[in-house]
Amino acid sequence: MSLRAKIISSFVVTLVLFASVSFYHFRRTQKAAVRLALVNELYLPLSRHIAQLQSAVQGLAEDVRRYYFGAHPTADDSTLGRMVRDLYPYLIRKNITAAEALLEKASHGSSKEQVPEISAHLAAASKSFDALSG
């Protein structure tokens, strides 16, 4: 093998190696971008809705406890009763509906494998809320 053939073959091997490493890196970056999009489009908004649901349910529980087990009835009890009856269920239902819409939108995307389990938990929570409020 001549010196010229050795130089050309080493250049071709280096070029093929560089191309294969570049392709591997491109594929890994593409997969990371898909996972990052999943986090941005599904998990962050969903966690925000879940946190709002949690705070609304905790507020409802506190206000119900204060309304029914408070030691001294006050003039604010009628306002508190209306708030417990009207406002909290509206806020909770609104957040459940928004989370369901977000999961429905995500079920048509690339994150189909995680959505059914989350949707099942949300449906169970919605059913429990309907049983308690209805």
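Conventions used here
- Residues numbered from 1 in each chain as written.
- Predicted model: local features only at pLDDT ≥ 70, side-chain atom pairs only at ≥ 80, totals over all residues.
- Heavy atoms only, no water.
- Helix = DSSP H or I, 4+ residues; strand = E, 2+ residues; numbered from the N terminus.
- Contact = heavy atoms within 4.5 Å.
- Areas by Shrake-Rupley, 256 points an atom, 1.4 Å probe, with all protein chains shown as cover.
- Buried < 20%, exposed > 50% of the residue type's maximum accessible area, 1.4 Å probe, protein only.
- Expected span 1.5 Å × (residues − 1).
- Bend = angle between axes of the 7 residues up to and from the residue.
- Core = buried A, V, L, I, M, F, W, Y, C linked by side-chain atoms within 4.5 Å.
- Salt bridge = Lys/Arg side-chain N within 4 Å of Asp/Glu carboxyl O.

**So, the overall build of the protein**
For the protein, the helix and strand inventory stands at 3 helices and 0 strands. Sequence-ordered secondary structure for the protein, helices as α and strands as β, is α-α-α. In the protein, of all internal contacts separated by at least 6 residues, the share reaching a separation of at least 24 is 71%. Summing over all exposed atoms, the protein offers an accessible surface of approximately 10200 Å²; the carbon and sulfur share of this is 65%.

**Here we look at the environment of Asp130**
Within the secondary structure, Asp130 is located in helix 3 (residues 115–133). Once the C-alpha coordinates of Asp130 and Pro89 are considered, the two residues, 41 residues apart in sequence, prove to be 9.3 Å apart.

**Some thoughts on the environment of Glu100**
Within the secondary structure, Glu100 sits in helix 2 (residues 77–107). Glu100 sits in the partly exposed class, given a relative accessible area of 35%. The spatial distance from the C-alpha of Glu100 to the C-alpha of Leu122 is 7.5 Å, given a sequence separation of 22 residues. In this view, Glu100 contacts Leu122 and Ser126; residues no more than four positions away in its chain are not counted.

**Things to note about helix 1 (residues 3–69)**
With 67 residues, helix 1 ought to run about 99 Å at 1.5 Å a step, and its terminal C-alpha atoms sit 94 Å apart, in line with that. Where helix 1 bends most, at Val39, the angle is about 35°. Listing the buried residues of helix 1 in full gives Leu38, Leu42, Pro45, Leu46, His49, Leu53, Ala56, Gly59, Leu60 and Asp63.

**Quick word on the nonpolar core**
Note on soluble globular proteins: their nonpolar side chains tend to be buried together. Counting 9 residues, the largest nonpolar core consists of Leu38, Leu42, Leu46, Ala99, Leu102, Leu103, Ala106, Val115 and Leu122. For this core, the elements supplying multiple residues, two or more each, are helix 1, helix 2 and helix 3. No other element matches helix 2, which puts 4 residues into this core. Discounting residues that sit within four places of it in the chain, Leu102 has contacts with Glu41, Leu42, Pro45, Leu46 and His49.

**Some remarks on the side chain of His49**
Position of His49 among the secondary structure elements: in helix 1. Apart from residues lying up to four places away in sequence, His49 is in contact with Asn95, Ala98, Ala99 and Leu102.

**Quick word on the pattern of salt bridges**
Applying the stated criterion across every chain, the model contains 1 salt bridge. A salt bridge links Asp130 to Arg93; the shortest N-O distance between them is 2.3 Å. With a gap of 37 residues between them, Asp130 in helix 3 and Arg93 in helix 2 connect regions that are remote in the sequence. For Asp130, a relative accessible area of 39% gives the class partly exposed.

The values reported here are purely geometric and, on their own, carry no functional implication.
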